[in-house]
Amino acid sequence: GARCDCGAALAAPWASMFSANGEAGACPACRGLGFLQRCDPERLVSHPHLPLAAGAMAGTRFGAHLGESDGQYIATLRTAAQAAGLDLERPWRELGAEARRLAMQGSGDRIHEVAWRYRRGRSEGLHTLRTPWAGFVHLVDREYERIHADAKGEELASLMADAPCPACAGARLNPAALAFRFAGLDLAGWAALPLVEVRGRLEAVAGTPWPGPLQGAVEALTGDLLRRLRALAEAGLDHLSMGREMASLSGGEAQRVRLAAALGGGL
C-alpha cells in the first residue's frame, strides 16, 4: 500500500540506495512493497464441510481442478498423507492442524512414488511418477504468478491475500540497504519509530564526534533531518512514523503531512 508521505518530508537527495521505491534499494522478492500476494487457504477451501477430494475447493475452476478425485494432485496428496500417517479423506473442517498443513504447505523436498489411477472420460489407466508434494497453496501461487496478468487471473485473484514478504519481513529494502546501521538501527528500525523518538535520538547523536570524514556527513544528514522533523512536529504530526500506511491517516493528518513536507523542503 501507499506509505505515509512523512518519508517525502524526510527524504535526502543522496539516499536512492535506501529507498524502497527504486531498484537500487528495493527488496527484489517483493519489489519494495513489503508484502506478497499469496493464496489464502480459507479462501481456497470454499466448502469446508466437504473433503478435499470431494468438492471442498470447488468454489473456483482451478480449485475444482486441484481437487479432482481422479486427478494427479489428489493422488500425490494421498501418497504424501499415507507417508505421514495422516487421514485426509474426512471433511476439511474435521482435519487437524498437521493434516491441513500438509495439504496446503506440502511436504518439502521429499520425493514421493505416486501411483496415479487416472480417468478422463472413457479413458483410464495407471501412471506412476516420482514427485514432491508442493501443497495446494503453492500450486495456486504458481498458477497465479503465471496467469495473473491475463483475464484468466481474475478468478484466482479472489483467492489471494497480502502476506508479509519472507525475504525482507516487510521492511521493503534489500539486504545491502538493511546492512547499514546508524546509531544502532537500520532504516527499517528507524522507520518504525514514532517521529518524536526519531527526533530525540537524532538530537542526541548530533553532538557526538565522528571519526574523519564521517563528521561532515553526519552533521549534514542530522541537520537536514532535524529541520524536517521539526516541521512535522510543528504540524502536530510527531506521533506518526514513516512506516504508517497513508490510508490509515485522517484527512487532516494527510493535509498536514503534505504541508510539512513543503515547509521542510524550504518552499
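Residues numbered from 1 in each chain as written. Predicted model: local features only at pLDDT ≥ 70, side-chain atom pairs only at ≥ 80, totals over all residues. Heavy atoms only, no water.

> Is there a simple way to explain the packing of aromatic side chains in this structure?
Aromatic rings considered in pairs are described by the distance between their centres and by the relative angle of their planes. A full pass over the atoms with the stated rule returns four aromatic pairs. Arranged with centres 5.1 Å apart and planes meeting at 85 degrees, the rings of W133 and F136 form a pair that is edge-to-face. A relative accessible area of 2% means that W133 is categorised as buried. (Phe/Tyr/Trp six-rings, centres within 6.5 Å; stacked < 30°, edge-to-face > 60°. Buried < 20%, exposed > 50% of the residue type's maximum accessible area, 1.4 Å probe, protein only.)

> How do you make sense of the pattern of salt bridges when you look at a structure like this?
Pairing is possible between side chains that carry opposite charge, provided their charged atoms lie close to one another. The final tally for this structure, using the stated rule, is 14 salt bridges. Ionic pairing is found between D40 and R43, a salt bridge with its closest N-O pair at 3.7 Å. Between E113 and R130 there is a salt bridge, with the nearest N and O atoms lying 2.7 Å from each other. One end of the pair, E113, is in strand 2 (residues 111-120); the other, R130, is in strand 3 (residues 123-132), with 17 residues separating them in the sequence. Considered together, E113 and R130 belong to a single accessibility category, that of exposed residues. What you see here is one network of salt bridges that share partners, running through D70, R119 and E124. (Salt bridge = Lys/Arg side-chain N within 4 Å of Asp/Glu carboxyl O. Helix = DSSP H or I, 4+ residues; strand = E, 2+ residues; numbered from the N terminus.)

> What is the right way to read helix 4 (residues 72-84) from this model?
For an α-helix, the turn length of 3.6 residues means that residues three or four places apart are oriented alike. An ideal rise of 1.5 Å per residue puts 18 Å on 13 residues; helix 4 measures up with 18 Å between its terminal C-alpha atoms. Among all positions of helix 4, only I74, A75, T76, L77, T79, A80 and A81 are buried. In the core, the buried residues of helix 4 are packed alongside helix 3 (61-66), helix 5 (97-105), strand 2, strand 3 and helix 6 (136-147). Taken from the residues just after helix 4, G85 is the one with a positive phi, measuring 70 degrees. (Expected span 1.5 Å × (residues − 1). Contact = heavy atoms within 4.5 Å.)

> I'm lost on the environment of R199 in this one. Help?
Within the fold, R199 resides in helix 10 (residues 195-206). Here the alpha-carbon distance between R199 and H112, two residues 87 residues apart in the chain, equals 57 Å. Setting aside residues up to four positions removed in sequence, R199 forms contacts with L226, L229, R230, A233 and D238.

> I tried to follow unusual backbone geometry on my own but got confused; where do I start?
With the exception of glycine, most residues fall at negative phi, and the peptide bonds are largely trans. One non-glycine residue, R31, lies in positive phi territory at about 60 degrees. Topologically, R31 is positioned in the loop between helix 1 (6-10) and strand 1 (35-39). Overall, R31 belongs to the exposed group, its relative accessible area being 66%. Backbone geometry at A183 places phi at a positive 55 degrees, although glycine is not the residue there. Within the element layout of this structure, A183 appears in the loop between helix 8 (175-178) and helix 9 (187-192). For A183, a relative accessible area of 39% corresponds to the partly exposed category.

> Explain the confidence of the model for the chain here, please?
For residues with low pLDDT, the predicted coordinates do not support detailed interpretation. Model confidence for the chain is summarised by a mean pLDDT of 85, while 92% of its residues fall at 70 or above. Between the elements of the chain, mean pLDDT differs from a low of 45, seen in helix 1, to a high of 97, seen in helix 5. Of the regions scoring below 50 in pLDDT, residues 1-14 engages in 40 contacts with residues more than four places distant in sequence or in other chains. (pLDDT = per-residue confidence, 0-100.)

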